[in-house]
Amino acid sequence: MSEAPVREQEHELDTSWMDQMGEWGIKAKPGKRGLTLAEIQIGEYGELPETTDNMTGRPRGATPRPEAYRVGAYGVRNLSEIWLENATFLYEEALQRQWSSATDIPWHTIEPLPDDIEEAECLLCTFFNEVEFVAGDVPARWIAKTSPDFFEARHVLIAQVMDEARHMDVFRKRALANGGGLMRMSGATSGFIGSIDLARDFTEMSTRLHISGEGAVLTMFRMGELMGQNDAEKRMYRLCAQDEARHVAFGVMHLRFLCEHAPERRPEIECYLDEAEAQIMAGLQNPAGTQAETSEALAILLGGGKAHYDEGHKMLLVIRRRQLKEYMKRVQSAGFGERFENGRSSIPEQYAAAY
Amino acid sequence: MARFPSEAWFKEVQEVYNSDSSLHTGGGGACETTAAFKVGDECYRIVFEGHQCLEIRSASEAELASPETDFIIEMAPELWKAMVENIQEHGAAHDDQTLNSIDLRQDDSIAYSPEDDQARQDLFYRFNQNFQDFFDASSRVETTFD
Amino acid sequence: MADKDAGAAVPAAVSAGDDDGPQVEGVPEPTYEWMGLSNEWGVRVKPGEHGLRLGDLNVGIYGEVPEEWNDHTRRPRGALPRPGIPPLPYNLRRKHEMWADCAADLYEEAIQRRWIPATEVPWGSLEPLPEEVERAICQICTEFCQYANTELEIITYWQGQMSYGYFEVKQFLATATFDCARHIEAFRKRALANGGGLGIEQRGSVNRMILESRGGWTESVTYLYLLRGTYTMALYRMLLNAAHNDAERFIFSHCIEDHARHLTYGYDHLKYAVTHHVGQDRILQTLLAIGESIMGTELKEGTMGSAMAVLLGGGIEGGRTIGMETYLHGVGDFVRDYLALGEWIGVPREENLNPMLKKYLVY
């Protein structure tokens with residue numbers, strides 16, 4: 001930057017904007033967790049509209065300008081469509097708990113593995129690459145469609161896109177770090193009808209992505225500590241699990257909010273859950289699912305090699321039961337638990353059969 | 001030398017954890033939760049705030065069951081003991097002795113929400129690294145067992 | 001490729017016990033059809049002194065970035081394809097439409113240089129400011145929120161349309177969006193933390209120009225980074241220079257770092273596009289001719305200039321003299337940088353520069 005000259009010239013200055021500020025005299029104070037988003041939800045700045053007519057990208061609480069361009073084209077304009085009670089908390093948590101796949105994973109602990117185990121790990125890493133792609137692409141697509149009046153929820157989705165980028169990168173790194181390579185893609189996350197990609201409604205997408213999809217993947221990541229062959233893999237899976245649990249929390253808390261604030265949508269949501277449940281074990285999107293070839297890889301990793309496949313398969317059944325049980329409890333937490341008692345859901349049957 | 005389990009032992013671990021900033025990074029960043037440990041009949045309440053373990057103390061069962069508690073980690077005393085011994089031996093939980101690994105080997109989770117709310121039980125997963133780092137810090141506490 | 005019949009060691013961590021449920025009679029027979037299916041096996045990248053970075057992975061076929069990526073699926077680059085997978089709407093499938101060589105390094109840099117407004121900005125250093133100055137910084141923060149909002153909306157509009165052949169760019173853009181979220185957060189917090197509030201929204205001419213750039217990501221980059229972004233950087237630098245307290249110093253210095261990464265990618269991409277796509281330079285000339293006019297109008301009519309002048313002049317009175325002079329000098333720097341960058345990218349604008357921008361060159 002070059003040095004500014006000092007001139008005596010006087011310029012005209014239109015300061016009419018000074019008289020058109022939003023609510024004035026706001027003095028948010030840092031709390032024990034710093035100055036979080038929750039701390040600045042004060043006065044008019046904390047007032048969330050049930051339905052917003054903000055189509056100009058105006059920050060919530062700023063003064064509207066009548067001649068501003070309507071550039072937003074926002075499709076998500078109802079609070080119940082996107083909101084969740086703990087959005088500020090989840091966003092701050094995501095910021096606080098970022099990690100680096102380059103420097104926080106002890107890559108030096110990786111040692112050459114038997115070929116069958118290396119192939120199984122690489123297949124899983126290839127699969128997780130695809131999964132992370134969809135989990136990054138799809139929330140990103142909804143961000144620009146959502147009114148900035150609900151920016152806290154939108155910020156959580158942005159943090160998720162960041163997390164998924166890191167997951168994609170850590171699994172690619174693992175696949176290429178130990179004498180293996182990427183394997184054949186699964187194609188499981190493609191644009192089939194009823195898939196995460198094609199959802200036309202945010203809650204529909206969130207039900208598929210956050211609750212059934214990422215819920216199942218969360219269990220897998222947690223299992224990474226059992227199937228990890230070294231500290232690098234164990235840590236990689238554990239840190240991914242923490243991130244994934246935040247994404248799942250978004251889905252559960254959003255569904256809970258919708259259930260409480262838009263009860264007329266319950267029958268529709270039940271249909272989304274029907275579709276998701278039909279895919280949990282039978283579809284290809286769950287790496288531990290009955291149709292997925294990654295299940296074979298998991299059995300090898302959990303058993304400790306092809307020679308112990310049967311033992312690994314038994315552990316795989318434990319995973320499946322965990323996935324189903326946790327899914328049921330999450331849906332129950334979101335306010336849709338009745339479906340497991342009134343015979344609508346097939347999950348209790350699937351759970352009983354998963355032995 | 002502190003005895004496991006005891007309030008004195010947990011407080012020594014708290015001191016180590018809070019004083020070592022290397023335990024507050026790399027996935028174990030700021031953490032906000034109130035949880036509890038049950039070791040046989042003994043109960044302890046733990047509060048994490050930011051990068052600090054703010055409180056660890058003995059508590060009653062009734063207190064553990066209060067709505068304030070996000071989740072409780074409950075294991076048989078011999079499992080707790082095996083985990084702590086493993087940490088003492090290796091400097092950090094080794095092989096299948098991490099909290100997550102122990103949990104996965106049980107048919108039912110060792111962590112549960114007293115209100116049976118999975119969203120709060122999921123905090124065990126969201127903050128798993130902090131709890132692991134906390135117990136790994138116990139490798140620096142001279143420990144005896146009953 | 002791996003020996004399919006290799007023996008296996010049993011990891012110590014694995015135990016199948018503790019399952020007290022009824023067991024199946026027989027375990028389904030594995031097919032192992034997936035074994036041995038890899039394009040390239042035997043890859044062993046090693047961490048360097050900065051860890052294992054994304055760019056380190058570009059070895060063998062995994063580092064081959066094609067000029068055109070015709071796979072419409074989510075196949076990771078280098079993985080073996082699977083026939084019969086329905087396509088997804090990946091509309092950006094040519095390298096010149098998004099590529100910049102620096103993307104992988106910028107991605108890792110963004111992760112290493114992350115910051116947290118809630119706990120790292122020294123909010124306690126804020127002290128009451130003269131009313132006019134507080135109003136000015138609050139107006140500026142409001143407009144910066146809109147700048148960042150526009151940036152993240154246009155990135156996320158395109159991000160999902162970018163093919164996985166160029167995943168490094170998608171990765172970097174994920175960090176850029178996250179940065180924008182942090183900027184919105186930091187500016188909003190600043191506006192609401194010192195006795196002020198948000199100001200009046202912009203009319204949004206340049207925002208509209210950016211959001212309406214639907215002819216391709218390169219067009220968006222042209223408006224978002226070469227025009228608006230270069231101007232924003234000039235503002236950040238002036239504001240860092242004029243920061244009233246450590247909190248503002250922290251915010252603006254970190255925003256400069258974040259924004260510099262975005263600009264590095266943007267400029268690098270435009271140069272790549274011009275160098276590798278015949279006729280791109282002419283397209284950019286046309287786009288910039290339109291964009292300069294919109295930018296010039298916003299500079300003349302927008303509230304940012306007035307708010308900056310008040311802030312830099314310490315109030316309205318100073319704003320009419322030294323404040324506006326300093327601001328105009330900063331705008332002059334922006335135009336000079338813009339011209340130099342255009343030259344470097346391969347789109348010289350000096351001869352055809354819009355008079356509404358040219359007039360700032362006297363400062």
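Nothing here was measured: the structure is a model prediction, and the numbers come from that model.

Q: Explain the interface of chain A and chain C residue by residue, including any values.
A: Contacts between the two partners involve 118 residues from chain A, matched on the other side by 114 residues from chain C. When residues of the side of chain A that touches chain C are traced back to their parent elements, those giving at least two are helix H2 (87–96), helix H3 (115–143), helix H4 (151–175), helix H8 (294–303) and helix H9 (309–336) of chain A. For the side of chain A that touches chain C, the element with the highest residue contribution is H3 of chain A, accounting for 16 residues. Of the residues assigned to the side of chain A that touches chain C, the class counts are 53 nonpolar, 36 polar and 29 charged.

Q: With reference to specific residues and values, describe the interface of chain A and chain B.
A: Contacts between the two partners involve 26 residues from chain A and, on the opposite side, 19 residues from chain B. The set of elements that each furnish at least two residues to the side of chain A that touches chain B consists of helix H5 (202–227), helix H6 (231–261) and H9 of chain A. At 10 residues, H6 of chain A tops the list of elements feeding residues into the side of chain A that touches chain B. Looking at the side of chain A that touches chain B residue by residue, the class counts come to 11 nonpolar, four polar and 11 charged.

Q: Would you mind going over unusual backbone geometry in detail, with residue names and values included?
A: The peptide bond linking Phe4 of chain B to Pro5 of chain B adopts the cis configuration, its omega dihedral lying at 0°. The topology assignment puts Pro5 of chain B in the loop between strand S1 (2–4) and helix H1 (7–19). For Ala73 of chain A, which is not glycine, the phi torsion reads 50° and is therefore positive. By the element assignment, Ala73 of chain A lies in the segment before helix H1 (79–82). Within the chain, Asp116 of chain B stands out as a residue other than glycine whose phi angle is a positive 55°. Tracing the sequence through the fold places Asp116 of chain B in the loop between strand S6 (111–112) and helix H5 (118–121). Overall, the presence of 11 C-beta atoms within 10 Å leaves Asp116 of chain B in the exposed class.

Q: Give me the packing of H2 of chain A against H6 of chain A: which residues, what numbers.
A: Residue and element names in this part refer to chain A. It is the contact of H2 with H6, at a shortest axis distance of 11 Å, that shows an interaxial angle of 170°. Taken together, the axes of H2 and H6 are roughly antiparallel relative to one another. Every residue of H6 that contacts H2 at Leu90, Glu93 and Ala94 is listed here: Arg246, Ala249 and Phe250. In the contact of H2 with H6, the residues fall into four nonpolar, no polar and two charged.

So, how was this worked out
Residues numbered from 1 in each chain as written. Chains lettered and ligands numbered in written order. Predicted model: local features only at pLDDT ≥ 70, side-chain atom pairs only at ≥ 80, totals over all residues. Contact = placed C-beta atoms within 7 Å. Helix = DSSP H or I, 4+ residues; strand = E, 2+ residues; numbered from the N terminus. Nonpolar A, V, L, I, M, F, W, Y, C, P; charged D, E, K, R; others polar. Buried ≥ 20, exposed ≤ 12 C-beta atoms within 10 Å, placed from the backbone. Axes fitted to C-alpha atoms, helices over the stretch in contact; angles between N-to-C directions. Parallel < 35°, antiparallel > 145°, perpendicular 65-115°, else oblique.

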